[in-house]
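Residues per chain are reported as follows:
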Amino acid sequence: MATTYNWSINQMDRLTSDGFVVTVHYNVSAVDGDYSASTYGTCGYTQESESFVPYADLTQAIVVGWVQTSLGKDTVEASLQGQIDAQKNPVQESGLPWVA
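Please read these numbers as outputs of a predicted model, since none were measured by experiment.

Turning next to the sheet that holds strand S2 (residues 21-32). In space, the 3 strands of this open sheet follow the order S1-S2-S3, with antiparallel pairing throughout. Edge strands, defined here as strands with exactly one partner in the open sheet, are strand S1 (4-14) and strand S3 (35-44). The mean angle between the axes of side-by-side strands here comes to 15°, regardless of whether they run parallel or antiparallel. One ladder, built from 10 bridges, connects S2 with S3; its direction is antiparallel. If you follow Thr23 over to S3, its bridge partner there is Gly44. The strands touched by helix H1 (residues 60-71) within the sheet are S1, S2 and S3, with S1 carrying the most contacts at an inclination of about 100°. In the packing of helix H2 (residues 73-88) onto the sheet, contacts are made with S1, S2 and S3, and the angle to S3 comes to roughly 150°.

A separate point is the packing of aromatic side chains. Within a pair of aromatic rings, the relevant descriptors are the distance that separates the centres and the angle that separates the planes. One pass over the full model with this rule turns up 2 aromatic pairs. Between Arg14 and the ring centre of Tyr55, over which it is positioned, the NZ or CZ distance is 3.9 Å.

For the coordinates displayed, the defined rule picks out 2 salt bridges. A salt bridge links Lys88 to Asp32, with the nearest nitrogen and oxygen atoms 2.6 Å apart. With Lys88 in helix H2 and Asp32 in strand S2, this pair connects stretches of sequence that are 56 residues apart. Relative accessible area serves as the criterion here: at 4%, Asp32 is assigned to the buried category. Glu77 serves as the salt-bridge partner of Lys73, at 3.3 Å between the closest nitrogen and oxygen. Of this pair, Lys73 and Glu77 both sit in helix H2, 4 residues apart, which is roughly one turn of that helix. Glu77 sits in the buried class, given a relative accessible area of 11%.

Bridge count for S1 against S2 is 10 bridges, and the pairing is antiparallel. Its bridge partner lying in S2, Trp7 is registered against Val28. From the end of S1 to the start of S2, which pair antiparallel, there are 6 residues, and Gly19 there has a positive phi angle of about 85°.

Calculation rules
- Residues numbered from 1 in each chain as written.
- Predicted model: local features only at pLDDT ≥ 70, side-chain atom pairs only at ≥ 80, totals over all residues.
- Heavy atoms only, no water.
- Pairing = 2+ DSSP bridges.
- Helix = DSSP H or I, 4+ residues; strand = E, 2+ residues; numbered from the N terminus.
- Axes fitted to C-alpha atoms, helices over the stretch in contact; angles between N-to-C directions.
- Contact = heavy atoms within 4.5 Å.
- Phe/Tyr/Trp six-rings, centres within 6.5 Å; stacked < 30°, edge-to-face > 60°.
- Lys NZ or Arg CZ within 6 Å of the ring centre and 35° of its normal.
- Salt bridge = Lys/Arg side-chain N within 4 Å of Asp/Glu carboxyl O.
- Buried < 20%, exposed > 50% of the residue type's maximum accessible area, 1.4 Å probe, protein only.

By themselves, these observations are geometric and do not establish any function.
Here you go:
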């Protein structure tokens, strides 16, 4: 089964003076059958580094694009895929041999 990825924006922090978004809180989840992995974090932006889009004109798709560019979409998805692969084929287990 192919892994599906879902990028979402949980929150944004913006300047009150002009609505410029300075921090984006994101979540990325990956699902492959019964296996799943996710990551949550933030990306910070400065007015020098981004072209301004009025706050009222922002969409989730626009902001997800910012985050994917900042983090590297392929890098994040490869990391999540690695977590799923490790669940499917674990290389380490925990336990005590005398406890059933």
